[in-house]
Amino acid sequence: MTWTNGQYEPKQQRAEEKKEKLLQAAMELFGDKGFHGTGAKEIAAHAGVSVGTFYRYFRDKKVLFMALLERKEAFMRESILGFGESLRAQQAGPAEIIKGILEFSIDAHKKMSAFHREVSAMELSDPEVGEYGRQREERIKAWILGFIEPMQDQLRCKDLEAAVELLFWNVEEVSHRIMYQDTELEEERLTKAL
């Protein structure tokens, strides 16, 4: 039994399944009712476990929320960059790869849209979540830079760091615009133009 950052890391499969149920229940409830509108008892009930089990794995719902952020970041990094690597292995050009990553990113946002909305709200209202969000953005930009550096000779841009910054913010804005706001342009047209 090990504790890391206020959460219990289970060793047995059954224990891991309970923790997974808590994480899934929390993601759904935080997305539906918001962080402040959701309590530990409700998360436990939704997961089909006791409140004691909740506290066995997580010190409080904030630790659980932060665990979900880490999980979401790992999923996005592994799936999106993995997808980009598969396109590169197929010898796709930089424009095709970026378009594919953008489409994949928007699809990933759609799968977690309600929770993603709550994360955005929490980043503005909670200093710890906001700081995590800023650090996550820096890590994502570093991953993108590492991903496109091998293609530098195929790109027209020589300042890759500035290009990554612009690419990151444009992908974020377009993804959020498509996901959360009305736009007169279709998703396909926006992603193609970007």
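Above: the structure in question.
Attention in this report is confined to the structure presented alongside it.

This next bit is on the packing of aromatic side chains. The full count for this structure, using the stated rule, is 7 aromatic pairs. Aromatic pair F30 and F35: ring centres 5.4 Å apart, planes at 40°, arrangement tilted. With relative accessibility at 0%, the residue F30 sits in the buried group. Pairing F54 with F58 gives two aromatic rings, centres 6.1 Å apart and planes at 50°, and the pair type is tilted. When its relative accessible area of 0% is taken as the criterion, F58 is described as buried. Of the aromatic side chains, those joined through ring pairs into one cluster are F30, F35, F65 and F115. Residue placement shows K61 over the ring face of F35; its charged tip is 4.4 Å from the ring centre. Across the ring face of Y132, the terminal group of R139 is positioned such that the distance to the ring centre comes to 5.3 Å.

On to empty space enclosed by the protein, then. Unoccupied space between atoms shows up once a probe the size of one water molecule is rolled over them. The final tally for this structure, using the stated rule, is 1 cavity of 30 Å³ or more. Of the voids in this model, the largest cavity is the one considered here, and its volume is about 430 Å³. Every residue lining the largest cavity is counted, 24 residues in all, and those nearest its centre are I80, S105, I140, I144 and F168. Residue assignment for the lining of the largest cavity shows that the elements contributing at least two residues are α4 (61–89), α5 (94–111), α7 (127–148) and α8 (160–180).

Here the structure, examined in full by the defined rule, presents 11 salt bridges. The residue E42 makes a salt bridge to K33 at a minimum N-O spacing of 2.6 Å. Across the pair R88 and E85 runs a salt bridge whose closest N-O atoms are separated by 2.8 Å. You can see R88 and its partner E85 sitting in helix α4, 3 residues apart, about one turn around the helix. Using a relative accessible area of 39% as the deciding quantity, one classes E85 as partly exposed.

Rules behind the numbers
Residues numbered from 1 in each chain as written. Predicted model: local features only at pLDDT ≥ 70, side-chain atom pairs only at ≥ 80, totals over all residues. Heavy atoms only, no water. Phe/Tyr/Trp six-rings, centres within 6.5 Å; stacked < 30°, edge-to-face > 60°. Buried < 20%, exposed > 50% of the residue type's maximum accessible area, 1.4 Å probe, protein only. Lys NZ or Arg CZ within 6 Å of the ring centre and 35° of its normal. 1 Å grid on protein atoms, 1.4 Å probe; cavity = no way out; pocket = protein on both sides within 12 Å on 5 of 7 lines; lining within 4 Å. Points joined across faces, edges and corners; volume = space filled by probe spheres on them. Helix = DSSP H or I, 4+ residues; strand = E, 2+ residues; numbered from the N terminus. Salt bridge = Lys/Arg side-chain N within 4 Å of Asp/Glu carboxyl O.

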